[in-house]
Amino acid sequence: SQQGEEDPQALSIQEGENATMNCSYKTSINNLQWYRQNSGRGLVHLILIRSNEREKHSGRLRVTLDTSKKSSSLLITASRAADTASYFCATVGSRDDKIIFGKGTRLHILP
Amino acid sequence: DVKVTQSSRYLVKRTGEKVFLECVQDMDHENMFWYRQDPGLGLRLIYFSYDVKMKEKGDIPEGYSVSREKKERFSLILESASTNQTSMYLCASSLTGLTGELFFGEGSRLTVL
């Protein structure tokens, strides 16, 4: 299965610290996407990174992709209470026609 | 901004009832999706549609059907609700095919008693 697997499953950090979440997958991909979900709400798209890209930034978010290791990381810098949410990676296989989501990392920012 | 609206945030139904979950998007997207989300299982694709009146089964279509009569509206139907269909249901739409960025609604939490 190409399903991404996030690590860690849960993470608690102090406000202001950086948060790093990782995603590993098994098959070659077309692109990898990160989404955020606040409790009881829908998912919000954060970043899409293509297989030929190594790094992308969006505000306080930085995503890296290492296709040789089949892994990606999401870094949130200077975390805020509002960043408390679940974060999902979603992979699109190079031969597939659909997005497959991992089970997510629950991030809790402590005041 | 793209807006995907799910008609009901919370529903409580009885076993055997017919359930309609409605989803409307306002950005003229070709592609629409229905997922269910369960603790420990993540998001699983039920059905998707890439055009009006077109539908494709996802990974877990059993017990569900869909309807797409208009481009902006994609409905999920539970013909006879069962307790194992208690879940969070998420609708999404996409402009760039089946593999691009998804725009999600707020979700519909269904409880079947």
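Attention in this report is confined to the structure presented alongside it. Just so it is clear, the structure is predicted and the values come from calculations on it, not from any experiment.

Moving on, we come to the packing of aromatic side chains. All names here are of chain A. In total, this model carries eight aromatic pairs over all chains according to the counting rule given. Centre to centre, the rings of Tyr 35 and Phe 101 are 5.3 Å apart; their planes meet at 55°, and the pair counts as tilted. Of this pair, Tyr 35 sits in strand β4 (residues 29–37) while Phe 101 sits in strand β10 (residues 99–101); the two residues are 66 residues apart in sequence, bridging distant segments of the chain. When its relative accessible area of 0% is taken as the criterion, Tyr 35 is described as buried.

Residues and elements named next belong to chain B. Overall, the coordinates contain ten salt bridges over all chains when judged by the stated rule. Among the salt bridges present, the one from Lys 18 reaches Glu 79, with a minimum N-O distance of 3.5 Å. Within this pair, whereas Lys 18 is found in the loop between β2 (10–13) and β3 (19–21), its partner Glu 79 is found in the loop between β9 (73–78) and β10 (87–94), the two being separated by 61 residues in sequence. For Glu 79, a relative accessible area of 44% puts it in the partly exposed group. With a shortest N-O distance of 3.1 Å, Lys 71 and Asp 28 are connected by a salt bridge. Of this pair, Lys 71 sits in the loop between β8 (65–70) and β9 while Asp 28 is found in the loop between β4 (23–25) and β5 (31–38), placing the two residues 43 residues apart along the sequence. You can call Lys 71 partly exposed: its relative accessible area is 22%. Connected through shared salt-bridge partners, Asp 28, Glu 30 and Lys 71 make up one network.

Turning next to the interface of chain B and chain A. At the interface, 19 residues of chain B touch 19 residues of chain A. Between chain B and chain A lies a buried interface of about 1,500 Å² when both sides are counted; carbon and sulfur atoms form 54% of it. Sorting the residues of chain B by area buried against chain A places B:Leu43, B:Thr99 and B:Phe104 first, and these three jointly supply 29% of that buried surface. If you look at where chain B meets chain A, you find one salt bridge. In this structure, A:Arg41 engages B:Glu106 in a salt bridge whose closest nitrogen and oxygen atoms are separated by 2.7 Å. Between the two partners, chain B and chain A, sit eight residue pairs in polar contact (both at pLDDT 80 or more). Secondary structure elements with two or more residues in the side of chain B that touches chain A: β5, β6 (42–49) and β10 of chain B. Within the side of chain B that touches chain A, the residues separate by chemical class into nine nonpolar, six polar and four charged.

Right, let's talk about the state of the cysteines for a bit. Residues and elements named next belong to chain B. If you walk through the whole model with that rule in mind, you get two disulfides over all chains. Paired through a disulfide, Cys 23 and Cys 91 show a sulfur-sulfur distance of 1.9 Å. Taking the sign of the torsion about the S-S bond as the criterion, the disulfide between Cys 23 and Cys 91, at about -75°, is left-handed. One end of the pair, Cys 23, is in strand β4; the other, Cys 91, is in strand β10, with 68 residues separating them in the sequence. Among the residues examined, Cys 23 registers a relative accessible area of 0% and is labelled buried.

Within the largest apolar cluster, 22 residues are counted, with the highest numbers of intra-cluster contacts made by A:Met21, A:Leu32, A:Trp34, A:Leu74, A:Ile76, A:Tyr87 and A:Leu107. Listed in part, the 20 residues of the second largest apolar core include B:Val4, B:Ile46, B:Cys91 and B:Leu110.

Residue and element names in this part refer to chain A. Strand order in the open sheet made by the five strands is β1-β3-β8-β7-β6, with antiparallel pairing throughout. The sheet is open, and its two edges are formed by β1 (5–7) and β6 (55–58), each paired on a single side. Strand-to-strand twist across the sheet, computed as the mean angle between neighbouring axes with direction ignored, equals 20°. Note that strand β7 (residues 61–66) and strand β8 (residues 71–76) share six bridges and pair antiparallel. Within β8, the residue paired with Asp 66 across the bridge is Ser 71.

Conventions we followed
Residues numbered from 1 in each chain as written. Chains lettered and ligands numbered in written order. Predicted model: local features only at pLDDT ≥ 70, side-chain atom pairs only at ≥ 80, totals over all residues. Heavy atoms only, no water. Phe/Tyr/Trp six-rings, centres within 6.5 Å; stacked < 30°, edge-to-face > 60°. Helix = DSSP H or I, 4+ residues; strand = E, 2+ residues; numbered from the N terminus. Buried < 20%, exposed > 50% of the residue type's maximum accessible area, 1.4 Å probe, protein only. Salt bridge = Lys/Arg side-chain N within 4 Å of Asp/Glu carboxyl O. Contact = heavy atoms within 4.5 Å. Buried area = accessible area lost by both parts, 1.4 Å probe. Polar contact = N/O pair within 3.5 Å; in protein donor to acceptor, adjacent residues only side chain to side chain. Nonpolar A, V, L, I, M, F, W, Y, C, P; charged D, E, K, R; others polar. Disulfide = S-S within 2.5 Å. Core = buried A, V, L, I, M, F, W, Y, C linked by side-chain atoms within 4.5 Å. Pairing = 2+ DSSP bridges. Axes fitted to C-alpha atoms, helices over the stretch in contact; angles between N-to-C directions.

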